[in-house]
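This is what each chain is made of:
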Amino acid sequence: MIRRTLAMGGVVIVVLALVAYAAFEVGVDRGRTNASSSPTPAHATHGAAPSTEKRVLYWHDPMAPDTKFDKPGRSPFMEMDLVPVYADDAPQSGGVAIDPRLQQNLGVRTAKAVVGSLSNAISAVGNVAYNERDVVVVQARSNGFVEKLFVRAALDPVRKGQALAELYVPEWVAAQEEYLAAKRLRTDVDALALGGLADAAAQRMRLAGMSDDQIREVDARGAVQLRFTITSPIDGVVGELSVREGMTVSVGASLFRLNGVATVWVNAEVPERAAGDVRPGNAVEARTVALPGSLFKGRVNAILPEVNATTRTLKARIELANPDGRLVPGMFATIDFAPARRKDAVLVPSEAVIRTGKRTVVIVAQGAGRFAPIDVETGVESNGQTEIANGVRAGDNVVVSGQFLIDSEANLKSTISRMGESANDAQRDAGHGAQQRAE
């Protein structure tokens, strides 16, 4: 009984399989009949095309989509007809299409790229210092003694011609006596041989270190001057005081170091990225919190050839006029550099620029809801605008809001497209292999 049941079940299964195969064959035959009786495609019909006909851009082999043909025919790669590509279906490399309603939901906003120039205003901070080019050192010109000191502390203000110290110099006393004796001899004895003796004695006083003013004073008084007063050659302050009363000084010893205050330096720290726009001679304006409401004007004196490894700044040496000596060393000052004049360039809002680290991208709206990421080269950035050196033209609409989502979508689409091309290449290679094996 069991064997009979199993035999009948096997027969039923075989019958069902035969019925299914027959139905499959009938369907295939009907499909072939319909394909052979279908009307000629729109692009091959004669006469006027209907108004709804799509415009054909080109024909291609789906197995080799990179090769385009300008008319229909057989594919040179595979045994198949070329397939038309219509304008509405043509892929646009690197771009992405977004429905207008979806654009509104994403908050996509655009702005036009314009032609203009940026005023690259640069500000920096620095500290005030003495002008090292306005320094005078008063030295001892001969061995002597400091009899009296009129300036007793460093940073004391001095005026030009002000007495600094009174010195007794034995060598100068001997030179004066010889000079006065020569003058008396030339007066009393009218001898040609003694005519140049006084001049030689005067020259000896110069060699001893006496100035022409001191020699004229000795000549005018006609008497030996035992002590000489040293005066300040400039207006300023005593930067360094190296002597005291009663000290013995030797030739070349530094007595005073005087700093002028008519001008001062400001050593400003300029960011490395802005150093290219700062040049010697550029006009600057300086302000300091110690003197509110006061504006000091000057120029860049030099750019020191050294970058601070910690702050990544260059030091700009600025010379400022210092009326009344109000700017003193150690003050902090804010420096505003005059903006350098730049050529006109294409400008876009800075928020439209996407910096990925390896690329700098701007999303350009191409119309009809399509957007494409464009690689650009940027220049100076200022006041919310960025210069575009290459990649975007004036008049292009760039995306300033929602561009990150568009860029991500475009990258994803590009990746999928490359994956599809790789698959097509693999299929084409497989087709060629099969054809070769069949031959």
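These numbers were taken from a predicted model, which means no experiment stands behind them.

The rules behind each value
- Along each chain, the written sequence defines residue order, and numbers are assigned to residues from 1.
- Local features are withheld for residues below a pLDDT of 70 in this predicted model, meaning they are given only at 70 or higher, and side-chain atom pairs are given and counted only at 80 or more; totals for whole chains, interfaces and linings count all residues.
- To obtain the side-chain values, all non-hydrogen atoms of the structure were used and water was disregarded.
- Only DSSP runs of H or I with at least four residues qualify as helices, and only runs of E with at least two residues qualify as strands; both kinds are numbered from the N terminus onward.
- Residue burial is assigned from relative accessible area. The probe radius is 1.4 Å, only protein chains are included, and a residue is buried under 20% of its type maximum, exposed over 50%, and partly exposed in between.
- Should any heavy atoms of two residues lie within 4.5 Å, those residues are considered in contact.
- Reported accessibility uses the Shrake-Rupley method at a 1.4 Å probe radius. Residues are deemed covered only where the shown protein chains occlude them.
- When DSSP finds two or more bridges between two strands, those strands count as paired.
- Within this scheme, the nonpolar core is defined by two criteria: the residues are buried Ala, Val, Leu, Ile, Met, Phe, Trp, Tyr or Cys, and they are joined through side-chain atoms within 4.5 Å.
- Confidence of the predictor at the level of single residues is captured by pLDDT, which takes values from 0 to 100.
- Every case where a carboxyl oxygen of Asp or Glu lies within 4 Å of a side-chain nitrogen of Lys or Arg is listed as a salt bridge.

Asker: Break down the overall build of the protein chain for me, with residues and values.
Answerer: Of the regular secondary structure elements, the protein chain holds six helices and 27 strands. Counting every position in the protein chain, which comprises 439 residues, the buried fraction comes to 32%. Intrachain contacts of the protein chain at a sequence separation of at least 6 include 70% that bridge at least 24 residues. Carbon together with sulfur atoms contributes 54% to the accessible area of the protein chain, which is approximately 27,200 Å² in total.

Asker: I'd like a rundown of the side chain of S75, residues and numbers included.
Answerer: Its place among the elements puts S75 in the loop between β2 (64–69) and β3 (83–86). The class for S75 is buried, based on a relative accessible area of 8%. Excluding its chain neighbours within four sequence positions, the residues that come into contact with S75 are D61, M80 and L82.

Asker: I'd like to hear about the sheet that holds strand β11 (residues 163–168), residue by residue, with values.
Answerer: Strand order in the open sheet made by the four strands is β12-β11-β9-β14, with antiparallel pairing throughout. The outermost strands of the open sheet, each flanked by one partner alone, are β12 (227–231) and β14 (248–249). Relative to β11, strand β9 (residues 144–149) runs antiparallel, the two sharing four bridges. Looking across to β11, one finds that F145 is bridged to Y168.

Asker: Account for the nonpolar core, naming residues and giving values.
Answerer: With 33 residues, the main nonpolar core has L164, M205, M210, V243, L255, F256 and L258 as its most contacted residues. When contributions to this core are tallied by element, the ones reaching two or more residues are β9, β11, α3 (170–188), α4 (197–208), α5 (212–221), β12, β13 (236–241) and β15 (254–260). Sequence-distant contacts of F256, that is, excluding residues within four places in its chain, are made with V136, V137, V138, L149, L164, A165, E240, L241 and V243. Among the nonpolar cores identified, the runner-up in size contains 22 residues, and I122, A286, F296 and L320 belong to it.

Asker: Please give an account of the sheet that holds β15 that cites residues and values.
Answerer: On the basis of which strands lie adjacent, the open sheet formed by four strands has the order β8-β15-β13-β10 and antiparallel pairing. Edge positions in the open sheet fall to β8 (135–139) and β10 (157–158), since each of these has one partner strand only.

Asker: Before we move on, could you go through the pairing of β15 and cite the residues and values that matter?
Answerer: Within β15, five of the seven residues are buried, which leaves it mostly tucked inside the rest of the structure. Note that β8 and β15 share five bridges and pair antiparallel. Looking at the pairing, V135 lines up with N259 of β15. Across five bridges, the pairing between β13 and β15 is antiparallel. When the sheet's bridge partners are listed, G236 is paired in β15 with G260.

Asker: How would you sum up the confidence of the model for the protein chain? Please name residues and give values.
Answerer: Across the protein chain, the average pLDDT comes to 77, with 71% of residues at 70 or higher. Mean pLDDT values for the elements of the protein chain range from 51 in helix α1 (residues 2–37) up to 95 in β15. Note on residues 415–421: pLDDT under 50 across the span, and one contact to partners over four residues away in sequence or across chains.

Asker: Explain the pattern of salt bridges to me, using residue names and the numbers behind them.
Answerer: In the structure shown here, the tally under the stated rule is twelve salt bridges. In this structure, R206 engages D212 in a salt bridge whose closest nitrogen and oxygen atoms are separated by 3.1 Å. Among the residues examined, D212 registers a relative accessible area of 42% and is labelled partly exposed. Put simply, E285, R287 and D336 are held in one network by salt bridges that share partners.

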